[in-house]
2 protein chains.
Amino acid sequence: MSSANSNGAPVRPRSSVLRPLGQEEIRVTGGFWGGKQRTNAEATLGHCEYWMERIGWTGNFDRAAAGTIGGDHAGIEFVDSEIYKLLEAMAWELGRNRTEDLEQRYLALVARVAAAQEQDGYLHTSFGRRGQPPRYSNLEFGHELYCFGHLIQAAVARLRTGHDDTLAQVARRLADHLWVEFGPDGRNAVCGHPEIEMSLAELSRATGELRYLELARLFVERRGTGTLRPAAFAPEYFQDDIPVRDATTMRGHAVRALYLASGALDVAVDTADLGLAEAVQTQWTNAVARRTYITGGVGSHHQDEAYGDDYELPADRAYSETCAGIASVMLSWRLLLHTGDEKYADLIERTLLNNVLASPREDGQAFYYTNTLHQRTPGSVPDEHELSHRAESSLRAPWFEVSCCPTNVARTLASINLYFATATGTGIQLHQYGDYEIHTTLDDGELALHVGTDYPHGGRITVTIDTAPTTPVTIGLRIPAWARNPRIVSGHAATERGRLLEVTGIFHPGEAIRLELSLEPRIVFPDPRIDASRGTFAIERGPLVLAVESIDLPTGWSVNEITADASTIAAGPDGTSIDVYRLAEPETDWPYRTSAGVAEAGHVRARMIPYYAWANRGPATMRTWLPIHPRSEEQDA
Amino acid sequence: MSSANSNGAPVRPRSSVLRPLGQEEIRVTGGFWGGKQRTNAEATLGHCEYWMERIGWTGNFDRAAAGTIGGDHAGIEFVDSEIYKLLEAMAWELGRNRTEDLEQRYLALVARVAAAQEQDGYLHTSFGRRGQPPRYSNLEFGHELYCFGHLIQAAVARLRTGHDDTLAQVARRLADHLWVEFGPDGRNAVCGHPEIEMSLAELSRATGELRYLELARLFVERRGTGTLRPAAFAPEYFQDDIPVRDATTMRGHAVRALYLASGALDVAVDTADLGLAEAVQTQWTNAVARRTYITGGVGSHHQDEAYGDDYELPADRAYSETCAGIASVMLSWRLLLHTGDEKYADLIERTLLNNVLASPREDGQAFYYTNTLHQRTPGSVPDEHELSHRAESSLRAPWFEVSCCPTNVARTLASINLYFATATGTGIQLHQYGDYEIHTTLDDGELALHVGTDYPHGGRITVTIDTAPTTPVTIGLRIPAWARNPRIVSGHAATERGRLLEVTGIFHPGEAIRLELSLEPRIVFPDPRIDASRGTFAIERGPLVLAVESIDLPTGWSVNEITADASTIAAGPDGTSIDVYRLAEPETDWPYRTSAGVAEAGHVRARMIPYYAWANRGPATMRTWLPIHPRSEEQDA
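Residues numbered from 1 in each chain as written. Chains lettered and ligands numbered in written order. Predicted model: local features only at pLDDT ≥ 70, side-chain atom pairs only at ≥ 80, totals over all residues. Heavy atoms only, no water.

Novice: With reference to specific residues and values, describe the overall build of chain A.
Specialist: Summing up its helical and strand segments, chain A has 14 helices and 22 strands in all. Rg of the C-alpha trace for chain A: 25 Å, near the compact-globule value of 26 Å for 637 residues, within the 12% margin. Dimensions of chain A, computed from C-alpha atoms along their principal axes, come out at roughly 75 × 70 × 50 Å. When each of the 637 residues of chain A is scored for burial, the buried share is 64%. At a minimum sequence separation of 6, the contacts of chain A that also span at least 24 residues come to 67%. (Helix = DSSP H or I, 4+ residues; strand = E, 2+ residues; numbered from the N terminus. Rg over C-alpha atoms; globule rule 2.2 N^0.38 Å. Buried < 20%, exposed > 50% of the residue type's maximum accessible area, 1.4 Å probe, protein only. Contact = heavy atoms within 4.5 Å.)

Novice: With reference to specific residues and values, describe the pattern of salt bridges.
Specialist: Here the structure, examined in full by the defined rule, presents 110 salt bridges over all chains. The residue Asp 101 of chain A makes a salt bridge to Arg 105 of chain A at a minimum N-O spacing of 2.8 Å. With a gap of four residues between them, Asp 101 of chain A and Arg 105 of chain A both fall in helix α4 (residues 100–115), about one helical turn apart. Classification of Asp 101 of chain A by relative accessible area gives partly exposed; the value is 49%. With a shortest N-O distance of 2.4 Å, Glu 349 of chain B and Arg 478 of chain B are connected by a salt bridge. Here Glu 349 of chain B, found in helix α12 (residues 342–354), pairs with Arg 478 of chain B, found in strand β9 (residues 473–478); they are 129 residues apart in sequence, far enough to count as distant. Among the charged side chains, a salt-bridge network with shared partners connects Arg 14, Arg 160, Glu 202, Arg 205, Asp 266, Asp 270 and Arg 334 of chain A. (Salt bridge = Lys/Arg side-chain N within 4 Å of Asp/Glu carboxyl O.)

Novice: Can you explain helix α6 (residues 166–182) of chain B? Please cite residues and give values.
Specialist: All names here are of chain B. Between its first and last C-alpha, α6 extends 24 Å over 17 residues, near the 24 Å set by a 1.5 Å rise per residue. Buried within α6 we find Leu 167, Ala 168, Val 170, Ala 171, Leu 174, Ala 175, His 177, Leu 178 and Phe 182. In this structure, the buried residues of α6 make contact with α3 (80–97), α4 (100–115), α5 (144–160), α7 (196–207) and α8 (210–222). (Expected span 1.5 Å × (residues − 1).)

Novice: Mind laying out the interface of chain B and chain A, listing which residues take part and the relevant values?
Specialist: On the chain A side, the residues contacting the 59 residues of chain B number 58 residues. Both faces considered, chain B and chain A share a buried interface measuring about 5000 Å² in area, 51% of it formed by carbon and sulfur atoms. Among the residues of chain B in contact with chain A, Arg 376, Arg 529 and Tyr 592 of chain B are the three that bury the most area, contributing 14% of the side total. Run the count over chain B and chain A and you get eight salt bridges. In this structure, Glu 312 of chain A and Arg 376 of chain B form a salt bridge, with 3.8 Å as the shortest nitrogen-oxygen distance. Here chain B is connected to chain A by 19 residue pairs in polar contact (both at pLDDT 80 or more). (Buried area = accessible area lost by both parts, 1.4 Å probe. Polar contact = N/O pair within 3.5 Å; in protein donor to acceptor, adjacent residues only side chain to side chain.)

Novice: Describe the environment of Ile 506 of chain A, listing the residues and the values that go with them.
Specialist: Residues and elements named next belong to chain A. Along the chain, Ile 506 falls in the loop between β12 (500–505) and β13 (512–516). Separated by 34 residues in sequence, Ile 506 and Pro 472 place their C-alpha atoms 4.4 Å apart. Here Ile 506 is in contact with Pro 469, Thr 470, Thr 471, Pro 472, His 492 and Glu 511, once residues within four sequence places are set aside.

Novice: Run through the pairing of strand β17 (residues 562–572) of chain B, naming residues and quoting values.
Specialist: Residues in a regular strand project their side chains so that they alternate between the two faces of the sheet. All names here are of chain B. Pairing geometry for β17 and strand β18 (residues 575–583), over seven bridges, is antiparallel. Bridging across to β18, Thr 563 finds its partner in Tyr 581. The antiparallel hairpin formed by β17 and β18 contains two residues in its connecting segment. (Pairing = 2+ DSSP bridges.)

Novice: I'd like to hear about the relation of the copies chain B and chain A, residue by residue, with values.
Specialist: To go from the first copy of the chain to the second, apply a rotation about an axis and then a shift along the same axis. Superposing chain B onto chain A requires a rotation of 179° together with a translation of 0.0 Å along the rotation axis, leaving an RMSD of 0.1 Å. Classification of the inter-copy transformation places it as that of a two-fold axis. By residue overlap, the copies meet face to face through one surface: 98% of the interface positions of chain B are interface positions in chain A. (Least-squares fit on C-alpha atoms with pLDDT ≥ 70 in both.)

Novice: A description of the sheet that holds β12 of chain A should follow, citing residues and the corresponding values.
Specialist: Residues and elements named next belong to chain A. Read from one edge to the other, the open sheet built from six strands follows the order β1-β4-β5-β9-β12-β11, with strand pairing classed as mixed. Unpaired on one side and paired on the other, β1 (19–20) and β11 (493–497) mark the two borders of the sheet. Where β11 lies against β12, five bridges are found, and the strand directions are antiparallel. Directly across from Arg 497, in β12, lies its bridge partner Leu 500.

Novice: Pulling in residues and values, what's your account of the pairing of strand β5 (residues 427–430) of chain B?
Specialist: Residue and element names in this part refer to chain B. The side-chain alternation of β5 yields two buried faces, one formed by Gly 427 and Gln 429 and the other by Ile 428 and Leu 430. As paired strands, strand β4 (residues 421–423) and β5 are joined by three bridges and run antiparallel to one another. Each residue of the ladder has a partner; that of Thr 422, found in β5, is Gln 429. Taking the residues that link successive antiparallel strands as the turn, the β4-β5 hairpin has three residues. In terms of strand pairing, β5 meets β9 through four bridges, oriented parallel. Across the sheet, the residue bridging to Ile 428 is Ile 475, located in β9.

Novice: So what's going on with the sheet that holds strand β10 (residues 487–489) of chain A? Which residues, and what values?
Specialist: Residue and element names in this part refer to chain A. Strand order in the open sheet formed by six strands is β2-β6-β7-β8-β13-β10, and the pairing between neighbours is antiparallel. Since the sheet does not close on itself, it has two edges, and those belong to β2 (26–30) and β10, each with one partner. In this sheet, adjacent strand axes meet at a mean angle of 20° when their direction is disregarded. Pairing of strand β7 (residues 445–453) with strand β8 (residues 460–467) involves six bridges; the strand directions are antiparallel. Residue pairing for β8: Gly 452 is matched across the bridge by Thr 462. (Axes fitted to C-alpha atoms, helices over the stretch in contact; angles between N-to-C directions.)

Novice: Before we move on, can you summarise the packing of aromatic side chains with the specific residues and values?
Specialist: Aromatic rings considered in pairs are described by the distance between their centres and by the relative angle of their planes. A full pass over the atoms with the stated rule returns 50 aromatic pairs over all chains. Taking 4.8 Å as the distance between ring centres and 90° as the angle between the ring planes, the aromatic pair formed by Tyr 136 of chain B and Phe 182 of chain B counts as edge-to-face. Of this pair, Tyr 136 of chain B sits in the loop between α4 and α5 while Phe 182 of chain B is found in helix α6, placing the two residues 46 residues apart along the sequence. Phe 182 of chain B carries the same exposure label as Tyr 136 of chain B, and that label is buried. Taken together, the ring pairs in this structure connect Phe 32, Trp 33, Phe 420, Tyr 436 and Tyr 612 of chain A into an aromatic cluster. The ring centre of Trp 51 of chain A lies 4.5 Å from the NZ or CZ of Arg 54 of chain A, which sits over that ring. We note Arg 187 of chain B situated over the ring of Phe 182 of chain B; from NZ or CZ to the ring centre the distance is 5.4 Å. (Phe/Tyr/Trp six-rings, centres within 6.5 Å; stacked < 30°, edge-to-face > 60°. Lys NZ or Arg CZ within 6 Å of the ring centre and 35° of its normal.)

Below, the structure written as structure tokens:
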């Protein structure tokens, strides 16, 4: 166990096996992730500000403060949360790379939010004022506490980046109000959408106020006791069917399920409730084994944005919401800190690179809400000036009627470096690879190093020591689960601890550790219980899931009519490519036949691209799971 | 072309290639369909009456008439339509087998409906009265004209069974009101849910009033011009994206799509608009070839109850709504009358036996709203005293919050005999097989015959002549598309006209025609473009799609973990059975692997049952598409 001596991480348990690093301890210096953080700072933050100002979501606070909002609220009832996620993103960005311009924009926005807080601490633009539904009158779908949770998370980000200023005060007053309303002497109720749990646990960590932790614990314990009235969906939708500690897998609305599990783990860790922590681990294990897409995405149902049954993982109807991917990262990160098990870092890598990063367009100004694994129609180009629906068959959209994903991407990318590495008293652990530098303090002194790599497109990682204690230090490098025959070059002994390769020794400035991972494309088959992908394979290369996009096929071909020969997969200087065959048009007007035989109409060598990068070249069809061409099977046999 | 000289068919075009028979011309005498019609009459009709009285849907009319309903309307806004579909079912049942008891129940219910009609003909219990939304204030989702359409269809059923009484008067007044509101001088608008189109066309046919046909034509022509404001779904949802005559396939909400197409065909036929008729035929052809389940069911999305993209046909997420199956039968029947092409009768057979009949429980007192082709969890037993949601994972439910399916099943089964055969001036055409008798008049005199069969469970059909003209008559028998080597035994020459086998001659009373169809089980493969069923096969036997239900597997097995050896399928005296293998539990915590190999954990000989009969023995898992066991492939090669 190491003590938490850093300031700035998004999650800071009272105790943990691994210690998160703060915004001042780890900095991306460029490369793959540097580009993502720059686009996020320079394009996405302003994009979110622009849209929410334009469509009145920010203005809701001004009109609430002025007492003029009444029933004339802009947007659905939980758009406050988007402002808060933007504030959280800005706070992390300011901690990472402060500019005067951003600081002023941030403070101005905080001031508008703060002005809308009521005397007793309550702060919501959709409820409780004249002409609005009463406070807490629709806990099932009103999202009040969900919004509060995001406000609190934004305040925690500001606290963790060194500023105990306005938003922290607003959050404390709000949390104190919640203690009265929902605490031990308040109503026995929960919010339909979890989020408040982890935010209160974190606010407790950031402020030392134990009532907030106790309130988080109450919300977790009350869940699953049937306090919510189901409407269109069954109680499972909001995880109110069974208590958290009794559930054995993820179910219902995916974002709700994962936010709840994150909050439950925070409570479990800080209250030493190991039974609860174990329940969350079991849910993670079972959901990962049976309810997770190869991209790390989760959510198999459009209807209720929910997990499906075990092995119900349709590629073409994958909901795989961006926010659910982010929530999965949040949970896995907590479990990594709690256990030190690199399997959680493996899933973080997979989910970040193949689900979360698929959401933003290259320019950071349009987003996918859902992330299908098989696009059957080329879809349309959304109007850049209109709100989109969440699951339209189209390219990425600038903004949505329910727009949780863009701001969630923004806060995640602004703090993405904080998920890359951890420390213990005697060493550090590198969980994710990129170009970044670390400067932290171990038990025996200062450790500084930088990491350089062409990852995820290449497999060479170099860790160079800048400063080190004069006593032995352990530098751990995650060997990804997919890696075959990794090669480590170091002047010190390396030992394996699970999937962590630990190099221990006395390091000198300039000294380097090199890790080489083979990026040969890998053929991956789905479990035969996954009906939706039977008879197909996917290609992974390094940490990336690849896809075929129709833009890389001859004109007039769609991905719906192809098979591919797995044995021909090859990576060259121009990328990865594969032999693809086109099915002939069917000869009958009925798609069920007495013969399984299929005529072909040509074949071609097709380029494969990283899945996350698809749909950046105009409307196209796309698929990750490729139907097996009969030739592959002959060669297998 | 033959003239329409019969009274009682559900559809009676002004002209058609085939003439529908009326309720007085064709009568089911027993056997398979006799049982279904008896259960419908004795159990389902009363069940529907009981539920709608109990939960206040019928009472809405009383309170509307009394002026006391206000905002206190029971059920969602379109429950009036359920009363109307029940009235239609009762009317057909009275035409089929009048009892004094049913007649009194029918007249009493009609009186309560009629009392709620307003001075100007408007009749709805959810709109326009004090405390309610204004009339026509929510054409997108209010379903006002949808309800009117069902009222009119109920009136047409009464007219067609020989009674021009109260409901016909109510319907005329309502239609006259619609002419004022939506006619050439009225508003340029349509209802979000099509239904009014075919009902007005039919009312025009039944009354001779051409304004009703003209109004139906206006509604069809206005569709696709963007008069509806899309909300949660895109305009395609209610087929308002492109005009009917420009559309090339079925899309959007499946029931809406098929009701619209039925109305459009009625209009096209009665206005000699052959371009419009051809557009509907094209839509049928493309949707059947690419968007239809093997059961005939349609609708691949739960979210919007909609058609999916081409070949998007998930078995486990099949929505395949009962009402959509019924709508498909209604459309195919119209196309059969219009063209005489037996392919439409083939789809009617498939859809009735494998989709519509899967809805009612054996006792006719519980129903499936959706009809999945793969049930992954055993689900639950719904409370017999509570309303269910439409798509819960459970056994059939007694009633639903949106309860369109039970009453739709009731009206379909009460008139099912009317879809079995047609006539021309010189003969009759037997499209569906069962135990029934026909008594009609051809150009040269009376023709009476009866049909006896063990169909659909057996393949012998005997047509016995009871009375015939003294001139040659042609008796046509549909040879189902699935039939191999059908054998016909008759004393007269038989010629094939498409899939209709025509026996022509001078028939004598007592003379018989025998048709023998082989009921050997058939292995059926999906088109390779259907991703959801790749690597599987289905078994059909005669007109029935078969299924494996976990009740017929060893205890503890679910259908989610099996493969089957197609080469072992066999029909014996105890039914059809097949070798089924169980997959071993996976060895890893991640369901995507570098090897496609699968370990097995036992095999068994498993019974297969007709799909429509599943879920009558308690909670179970079930599947129609069976994953191919490797042994099948070896033997194929």
